[in-house]
Amino acid sequence: GGCQLPAEWRPLSEGCRAELAAIIVYARVLALHPDPYGAYNYLPWQRGPPGGPQQGAGDLFYSAEIELLCDQAWGSMLEVPAGSRLNLTGLGYFSCHSHTVMQGYAYFFFLRMDENYILLPHGVNFQEAIFPDTQENRRMFASLFQFSNCSQAQHVLSFSSDWEIQEDNRLMCSSVQKALFEEEDRVKKLQQKVAALEKRNKQLRDRVKKVKRSLRQARKNSRHMELVNRKLSEKLSSAGGQIPYINSLKQENSHGTYLKV
């Protein structure tokens, strides 16, 4: 159940998710440190309150010390310069996802900060929050967001002259996504209305069938009653013709008896 995505979930591109990420940094992992069982590190089958003793997690959970190779991306909420060192927790192998890094390697991180100012991976839209340092990812993030004051070794991420033009011409993903969700919501409501009307129509058809069936039964009963009434009338008519003959027989029999006496 914990791995089930919301019914309205739709996949988003990295560019769209980058717009919605709270913090984006390009950093190298300097060291890894095991994390105890806690609020951000637990598995469903583990018992006991968060913050208690570690219960079978082993080395599944860890934190990382990272060093920023550039200033934060344009629009990021984290205002720290290149060369700063930060601690990132919430890493490891979880029941429905994993946030994993290796010491000595560089990554692009989507991060968020909780109410205690602890940095965590920000899996926007329940998707990946950590991207390896590849040429493809460098091109993607360098074209989408401005990384400034990068170290000499990371000159490929330097600000390009056409970046502002790309930014001006690019539709904001959040607005497009909002419009798509609104359209999907409108379609869903229309589908629900259609389903309700179809259900109502079916109920009306069933009711009409019952009325027709009752009408046919009433007509059948009416024809049967007409037949019964006609037969009864015929019997009464034939019985009415025999009544004078019976009365004359009674009179003759009564007169003969009087003479004998």
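So, how was this worked out
- Residues numbered from 1 in each chain as written.
- Predicted model: local features only at pLDDT ≥ 70, side-chain atom pairs only at ≥ 80, totals over all residues.
- Heavy atoms only, no water.
- Helix = DSSP H or I, 4+ residues; strand = E, 2+ residues; numbered from the N terminus.
- Buried < 20%, exposed > 50% of the residue type's maximum accessible area, 1.4 Å probe, protein only.
- Contact = heavy atoms within 4.5 Å.
- Areas by Shrake-Rupley, 256 points an atom, 1.4 Å probe, with all protein chains shown as cover.
- Arc of directions from axis to C-beta.
- Core = buried A, V, L, I, M, F, W, Y, C linked by side-chain atoms within 4.5 Å.
- Salt bridge = Lys/Arg side-chain N within 4 Å of Asp/Glu carboxyl O.
- Disulfide = S-S within 2.5 Å.
- Patch = residues over 30% accessible without salt bridge, like charges linked within 9 Å, V, L, I, M, F, W, Y side chains within 5 Å.
- Lys, Arg positive; Asp, Glu negative; His and termini not counted.
- Charge placed at Lys NZ, Arg CZ, Asp CG, Glu CD.
- pLDDT = per-residue confidence, 0-100.
- Phe/Tyr/Trp six-rings, centres within 6.5 Å; stacked < 30°, edge-to-face > 60°.

Here we come to the overall build of the chain. Along the backbone of the chain there are four helices and seven strands. For the chain, the succession of helices and strands along the chain, N to C, is α-β-β-β-β-β-β-β-α-α-α. Buried positions account for 29% of the 261 residues belonging to the chain. Taking the intrachain contacts of the chain between residues at least 6 apart in sequence as the baseline, contacts between residues at least 24 apart amount to 67%. Here the chain has roughly 18000 Å² of accessible surface; of this, 56% comes from carbon and sulfur atoms.

What follows covers helix H2 (residues 135-144). Among the residues of H2, those classed as buried are Asn 137, Arg 138, Phe 141, Ala 142 and Leu 144. For H2, the angular spread of the buried residues around the axis is 165 degrees, confining them to a single face. Exposed side of H2, more than 90 degrees from the buried face: Glu 136 and Arg 139 are the residues found there.

Our focus in this paragraph is the nonpolar core. Formed by 36 residues in total, the largest nonpolar core has its most connected members in Val 101, Phe 109, Phe 110 and Phe 147. Elements with a minimum of two residues in this core: strand S1 (23-34), strand S2 (61-68), strand S3 (85-93), strand S5 (106-113), strand S7 (130-132) and H2. With residues near it in sequence (within four places) discarded, Phe 109 still touches Ile 23, Ile 24, Val 25, Ala 27, Val 29, Ile 66, Leu 88, Val 101, Ala 129 and Ile 130.

Let us look at the pattern of salt bridges. Evaluation of the coordinates by the stated rule reveals three salt bridges. Residue Arg 85 is joined to Glu 65 by a salt bridge in which the shortest nitrogen-to-oxygen separation is 3.8 Å. With Arg 85 in strand S3 and Glu 65 in strand S2, this residue pair connects regions lying 20 residues apart in the sequence. A relative accessible area of 22% places Glu 65 in the partly exposed class. With a closest N to O distance of 2.7 Å, Arg 138 and Asp 133 form a salt bridge. When its relative accessible area of 15% is taken as the criterion, Arg 138 is described as buried.

A word on the state of the cysteines. Under the counting rule described, the total for this entry stands at one disulfide. Covalent S-S linkage joins Cys 70 and Cys 150, the inter-sulfur distance amounting to 2.0 Å. Because the torsion about its S-S bond is 110 degrees, the bridge between Cys 70 and Cys 150 counts as right-handed. Taken together, the residues span a long stretch of sequence, with Cys 70 in the loop between S2 and S3 and Cys 150 in the loop between H2 and helix H3 (163-169) at a distance of 80 residues. Assessed through its relative accessible area of 0%, Cys 70 is described here as buried. On the basis of relative accessible area, Cys 150 is assigned to the partly exposed category, the value being 21%.

Before going further, it helps to examine a positive patch on the surface. A contiguous patch of positive charge on the surface is contributed by Arg 200, Arg 205, Arg 207, Lys 209, Lys 210, Lys 212, Arg 213 and Arg 216. Arg 207 sits in the exposed class, given a relative accessible area of 52%.

Of all residues in the chain, 70% have pLDDT values of 70 or greater, and the mean over the chain is 77. Here H3 stands out as the least confident element of the chain, with mean pLDDT 49; S7 is the most confident, with 95. The low-confidence segment residues 43-58, where pLDDT is below 50, has 26 contacts with residues more than four positions distant or belonging to other chains. Throughout residues 257-261 the model reports pLDDT below 50, and contacts reaching past four residues in sequence, or to other chains, amount to zero contacts.

Below, the discussion takes up the packing of aromatic side chains. Inspection of the entire model under this criterion finds seven aromatic pairs. Among the aromatic side chains, those forming a connected cluster through ring pairs are Tyr 26, Phe 108, Phe 110, Phe 131 and Phe 141.

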